[in-house]
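Summary of the model geometry
Letter by letter, the chains look like this.
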Amino acid sequence: MFFSKKLPYRTRRYLLASGLGLLGLLVMPGGACAELAFGPAQTVSTGRVSEPRLAVDAQGRATVAWVESDEENQRLVQAVRVDANGMQGPTQTLAEVPPKSSGCVCPRVVVDAIGRATIAWRGYDGEHARVEAAQIDAAGTFGPVLTLSPPGEDGFEPELAVDDEGRVTVVWRLQAQGNVEAVRLDVEGEPEETQVLAEAVPGLGSPVVAVDPSGEATVVWPSSEGLRSVQIDPAGVVGSIEPIASTDGADSLLEAVADSQGTVTIAWWRSSEAKSVQLSPGGVVGPLQTLTLAGEQAHGRPSVAVDSQDRVTAAWWASGEGVRSVRLAGNGVPGPVQTLSDPGLLAGNPDVAAGASGTTVVAWSHPPVPYAPEDPCTEDSFDPASDVVKVAVLGSEGEALQVENASSYGEQAQRPQIGVASLGLPTVVWESFDGTYFCDGPLPRRIQMSRGMEVEPPAPPAPPPPADPPADPARPSTTSVADAKLHLKPGALARDDHLLLGVRCVSTGVACEGQVRLVVRIADIPGALRKSIRSLRKRTAEVTLARGHFRFAAGVRGTLTLSLSGLGRVLTQRGSGRRLRAVGRGVGVHDDVTYIRLRGGPR
């Protein structure tokens, strides 16, 4: 679904939400006992790639950003949009950062309520590091690159958050000056005036930002004086700087989230402990909380997320104990600490996300990067039993209800990032190698992703089916290969520039995956309509109306979105309700023919 910029943002958001409600009726599997399964990994990019980041919109479309180094060690900021069916759009190079600009490029991604993604990173103008950003609209079109930080200064470590109106707040630090700065992109993506939030901060660390639904932003940063915060109201008025915790400079590696009422939860790393604190909507600081257990050491940044019921979940990496999580009460007090990873196996680098359905998921990797030994060519370089990305679905107390593998074993998958669509289905992206990284150097690398899908529990054994009746082209058929088959429902629903087609992966464990296209024979198009379309006059056989990629785990039933071709849009607009032929290839599909009746048309 595409929206013109002439429509108000709230109108676009309402229309999208209405469409999602209808789509949810199509894709939700039957029964309340469906479980999560991940499809085969999809390689997004290969080469000298690193720093993958992910944002997932309500419809399940993923925006992935990363950094790729070319042969001259110039770093390219790249991004791609992947639709809900796994169809990958063109990769876009947003910026080129020369080798002499050292430090983290740090791409960051957020997505708003209508599916528009914003990417921010640390670029370079030839003399100074500059914070830059670009947006991708819901149709996958990339906008211009915006330079946000001031000229003549070095801007570092951008972070960003988005409110319910689609306004994005970007924050960064000026290293030499010790300044914390921010700018807001309005609903049309235009930058407003840059604001200096704090000046000459001693020992300034990387700031973070959380934005509540009304648009009030809370910016927090570490310094040698301790944690400090400031709030920016929806009108852009900056409040006073307030202390949060400690004055000895031991606090770092922050994350922050805001719930629907404006309460902000901040989590950070302090002297090998994971800490948290809540700020009320008015900025009042609550009691400091320790998330880690007594005597336990935490590594790296704790990750936090808030779900649609305003429940905050934190996850962290505990040395020797793996990945932990905790659900915070409404007053910020942590509940029981849960261990998500298997005992005795290496686990770390967790990332937590929550969706509009209330689903909270945590992804982590095996082994965490710091476990790589100094001598890279030993048998103990990594633990083969742990070498996989895992995802846990959490329950009401933050406990793991289900843990699934998202990647394959033996690929040295690291740095997972996870997002959740509105229906609760997660997408996870990670950086992986070819299984020889520790011995043969860091190339090649891959950015890979996988989507979670709901599967129904196995059905009880059924009696053998009757013999297949003679083929009837007016009835739907099921194509199969080996023990997987993709069942296509008889109706294809035309909507704008795509078709919605009901499917189910009938399998004993093999995912259905491949390409499918819908074609119509020229002879089946009414003569008057055929003659009115000049491009059809020279065709003698058939024309492709729509095509797409499918990936469904065993037992999944859902909706396959196929992009209409130019001729496909013309024919659906003119009411061609003839039978369509579906031709597929891949696991689960033969080159057989399935006839589908086209219903509806562009609205």
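Higher on the page you've got the structure.
A short tour of the structure in this document, coming up. (Residues numbered from 1 in each chain as written. Predicted model: local features only at pLDDT ≥ 70, side-chain atom pairs only at ≥ 80, totals over all residues. Heavy atoms only, no water.)

**What to know about the overall build of the chain**
Check the secondary structure of the chain and you find five helices and 41 strands. Per-residue burial over the chain gives 51% buried out of 603 residues. Across the chain, contacts joining residues at least 24 apart in sequence account for 53% of those joining residues at least 6 apart. Accessible area of the chain: about 25,500 Å², with a carbon and sulfur share of 51%. (Helix = DSSP H or I, 4+ residues; strand = E, 2+ residues; numbered from the N terminus. Buried < 20%, exposed > 50% of the residue type's maximum accessible area, 1.4 Å probe, protein only. Contact = heavy atoms within 4.5 Å. Areas by Shrake-Rupley, 256 points an atom, 1.4 Å probe, with all protein chains shown as cover.)

**Details of the pattern of salt bridges**
All chains considered together, the criterion is met by 14 salt bridges. One continuous salt-bridge network, built from bridges that share partners, spans Asp248, Asp251 and Arg270. (Salt bridge = Lys/Arg side-chain N within 4 Å of Asp/Glu carboxyl O.)

**Here we look at the side chain of Asp112**
Mapped onto the fold, Asp112 is located in the loop between strand 7 (108–111) and strand 8 (117–124). Given the relative accessible area of 7%, Asp112 is considered buried.

**Quick word on the pairing of strand 32 (residues 426–432)**
The element strand 32 is largely enclosed, with a buried count of seven among its seven residues. Side-chain alternation along strand 32 places Pro426, Val428, Trp430 and Ser432 on one buried face and Thr427, Val429 and Glu431 on a second face that is also buried. Both strand 31 (residues 414–420) and strand 32 contribute to a ladder of five bridges, which runs antiparallel. Pairing of Ile418 across the sheet is with Val428, part of strand 32. Here strand 31 hands over to strand 32 after five residues, with Gly424 in that stretch at a positive phi of 95 degrees. (Pairing = 2+ DSSP bridges.)

**Structural notes on the state of the cysteines**
Enumeration according to the criterion identifies one disulfide in this entry. Between the sulfur atoms of Cys104 and its disulfide partner Cys106 the distance amounts to 1.9 Å. For Cys104, a relative accessible area of 36% gives the class partly exposed. Given a relative accessible area of 4%, Cys106 falls into the buried group. (Disulfide = S-S within 2.5 Å.)

**Section: the nonpolar core**
Of all hydrophobic cores here, the largest spans 22 residues; its most connected members are Leu486, Leu499, Val503, Phe550, Phe552, Leu560 and Leu562. When residues of this core are assigned to their parent elements, the largest contribution, five residues, is made by strand 35 (residues 484–495). Sequence-distant contacts of Leu560, defined by excluding residues within four places in its chain, comprise Asn85, Leu499, Leu500, Leu501, Val503, Val516, His549, Phe550 and Phe552. Within the second largest apolar cluster, 18 residues are counted, among which are Ala95, Val111, Tyr124 and Ala134. (Core = buried A, V, L, I, M, F, W, Y, C linked by side-chain atoms within 4.5 Å.)

**Points about the sheet that holds strand 3 (residues 49–56)**
Hydrogen bonds between backbone groups are what pair the strands of a sheet, and the pairing can be parallel or antiparallel. Here four strands make up an open sheet; going across it, the order is 3-4-5-6 and the pairing antiparallel. A single partner strand is all that each edge strand has here, and the edge strands are strand 3 and strand 6 (92–97). Taken over all neighbouring pairs, the strand axes of this sheet differ in orientation by 15 degrees on average, direction set aside. (Axes fitted to C-alpha atoms, helices over the stretch in contact; angles between N-to-C directions.)

**Description of the side chain of Thr63**
Here Thr63 shows up in strand 4 (residues 62–69). We classify Thr63 as buried; its relative accessible area is 1%. A polar side-chain atom of Thr63 sits 3.0 Å from a polar atom in the side chain of Arg81. If we ignore the near neighbours within four places in the chain, the residues touching Thr63 are Arg53, Leu54, Ala55, Val80, Arg81, Val109, Ala117, Ile119 and Ile136. (Polar contact = N/O pair within 3.5 Å; in protein donor to acceptor, adjacent residues only side chain to side chain.)

**Concerning the sheet that holds strand 13 (residues 179–185)**
As summarised here, the arrangement of the four strands in space is 11-12-13-14, forming an open sheet in which the pairing is antiparallel. Both outer strands of the open sheet, strand 11 (155–162) and strand 14 (195–198), are each paired with one neighbouring strand and no more. Sheet twist, expressed as the mean angle between neighbouring strand axes with direction ignored, is 25 degrees. Relative to strand 14, strand 13 runs antiparallel, the two sharing three bridges. Along strand 14, the bridge assignment pairs Val180 with Ala198.

**Looking at the environment of Asn73**
In this structure, Asn73 sits in the loop between strand 4 and strand 5 (75–82). Here Asn73 falls in the partly exposed class, since its relative accessible area comes to 40%. Along the backbone, Asn73 and Lys100 are 27 residues apart, and their C-alpha atoms lie at a distance of 9.4 Å. Those residues in contact with Asn73 that sit more than four places away from it in its chain are Arg48 and Pro99.

**A look at unusual backbone geometry**
The phi torsion at Glu157 lies on the positive side, around 50 degrees, for a residue other than glycine. Considering the arrangement of structural elements, one finds Glu157 in strand 11. Looking at Glu157, the relative accessible area reads 22%, which means it is partly exposed. In this model, Asp310 sits at a positive phi of 65 degrees, which is unusual for a non-glycine residue. For Asp310, the location among the structural elements is in the loop between strand 23 (298–306) and strand 24 (312–318). Taking relative accessible area as the criterion, Asp310 reaches 25% and is therefore assigned partly exposed.

**Overview of the environment of Gly295**
Of note, Gly295 is situated in the loop between strand 22 (289–290) and strand 23. Counting along the chain gives 23 residues from Gly295 to Ser272, while the straight-line C-alpha distance between them is 9.6 Å.

**Considerations on the environment of Val183**
Secondary-structure assignment places Val183 in strand 13. Sequence separation between Val183 and Trp172 is 11 residues, and the spatial gap between their C-alpha atoms is 9.2 Å. Filtering out sequence-adjacent residues up to four positions away, Val183 remains in contact with Leu148, Val168, Thr169, Val170, Trp172, Pro191, Glu192, Glu193 and Thr194.

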